[in-house]
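Close look at the chain arrangement
Residue strings, one per chain:
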Amino acid sequence: MNGREWLVEAHGCRPDALADVEVLRRLFDRLVAELGLHPVAPAQWHRFPGPGGVTGLCMLAESHLACHTFPEHESLCLNLFCCRPRPEWDWEAGLRELVGAAHVVVRAVDRDYAAAPAAR
């Protein structure tokens, strides 16, 4: 069995959405529901003072879901690691809808749990 990690960067987002814990909580809730994830505890959120952004972390039975926002740069960085296969999620459409993202870059990294064969 292999896992997959998604590294997601969204740019051109609405600064007000990136500073709003409730908006980001809805993003996490949607990912959990649509990807069939299993939180082991409630997500934790930290809102930075002033014009700062938000950091969020949700521990999952599958691993973790984390984000950090930069309202001053209109950007969101998100990381989802799942220890077992999951369906693809439409990151561009979802982030456009929830935080107004104009451009989304997704890198998916397959995680092979087996050790590489020894060199002979």
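In what follows, the structure referred to is the one given above.
If you're wondering where the values come from, they're calculated on a predicted model, not measured in any experiment.

On to the pairing of strand β1 (residues 2–11), then. In the sheet, β1 pairs with strand β6 (residues 103–112) via 10 bridges, with the strands oriented antiparallel. Considered in β6, the bridge of Leu7 is made with Arg107. Of the pairings in the sheet, the one linking β1 to strand β5 (residues 75–82) comprises eight bridges and is antiparallel in character. Each bridged residue has a counterpart across the sheet, and for Arg4 the counterpart in β5 is Cys82.

Attention now goes to the pattern of salt bridges. For side chains of opposite charge, pairing can occur when their charged atoms come near one another. On inspection of all chains with the given rule, the structure shows 11 salt bridges. With a shortest N-O distance of 2.6 Å, Arg107 and Glu9 are connected by a salt bridge. With Arg107 in strand β6 and Glu9 in strand β1, this pair connects stretches of sequence that are 98 residues apart. Judged by its relative accessible area of 42%, Arg107 falls in the partly exposed class. One salt bridge connects Glu92 with Arg96, and the closest N-O pair in it is separated by 3.5 Å.

Strand-to-strand pairing in sheets goes through backbone hydrogen bonds, with the strands running parallel or antiparallel. Spatially, the six strands line up as an open sheet ordered β2-β3-β4-β5-β1-β6, and their pairing is antiparallel. Across the chains shown, the open sheet's two edge strands, defined by having one partner strand only, are β2 (44–47) and β6. Averaged over all pairs of adjacent strands, the angle between their axes in this sheet comes to 10°, without regard to strand direction.

In this section: the environment of Leu98. With respect to the helices and strands, Leu98 occurs in helix α3 (residues 91–99). Residue classification places Leu98 among the buried residues on the basis of a relative accessible area of 13%. Between the alpha carbons of Leu98 and Ala17 there is a distance of 7.9 Å; along the sequence they are 81 residues apart.

Right, let's get into α3. Turn by turn, an α-helix covers 3.6 residues, leaving residues three or four places apart pointing in a common direction. All of the buried residues in α3 are Trp91, Gly94, Leu95, Leu98 and Val99. Buried residues of α3 fall within an arc of 90° about the axis and therefore sit on the same side. Structurally, α3 contributes buried residues whose contacts are with β1, α1 (15–18), α2 (21–35), β5 and β6. Following α3 by one or two positions, Gly100 adopts a phi angle in the positive range, close to 75°.

Next up on the list: the nonpolar core. In terms of nonpolar packing, the biggest core is built from 32 residues, with Leu78, Leu80, Trp91, Leu95 and Val99 touching the most fellow members. Sorting the residues of this core by element identifies β1, α1, α2, β3 (54–59), β4 (63–70), β5 and α3 as the ones contributing at least two each. Dropping the residues within four chain positions of it, Leu80 is found in contact with Arg4, Glu5, Trp6, Leu35, Leu37, Leu60, His64, Leu65 and Trp91.

So, on to unusual backbone geometry. The phi torsion at Ser63 lies on the positive side, around 150°, for a residue other than glycine. With respect to the helices and strands, the residue Ser63 is situated in strand β4. Take Ser63: its relative accessible area is 24%, and that puts it in the partly exposed class. In this structure, Glu74 takes a positive phi of about 55° despite not being glycine.

Thresholds applied
- Residues numbered from 1 in each chain as written.
- Predicted model: local features only at pLDDT ≥ 70, side-chain atom pairs only at ≥ 80, totals over all residues.
- Heavy atoms only, no water.
- Pairing = 2+ DSSP bridges.
- Helix = DSSP H or I, 4+ residues; strand = E, 2+ residues; numbered from the N terminus.
- Salt bridge = Lys/Arg side-chain N within 4 Å of Asp/Glu carboxyl O.
- Buried < 20%, exposed > 50% of the residue type's maximum accessible area, 1.4 Å probe, protein only.
- Axes fitted to C-alpha atoms, helices over the stretch in contact; angles between N-to-C directions.
- Arc of directions from axis to C-beta.
- Contact = heavy atoms within 4.5 Å.
- Core = buried A, V, L, I, M, F, W, Y, C linked by side-chain atoms within 4.5 Å.

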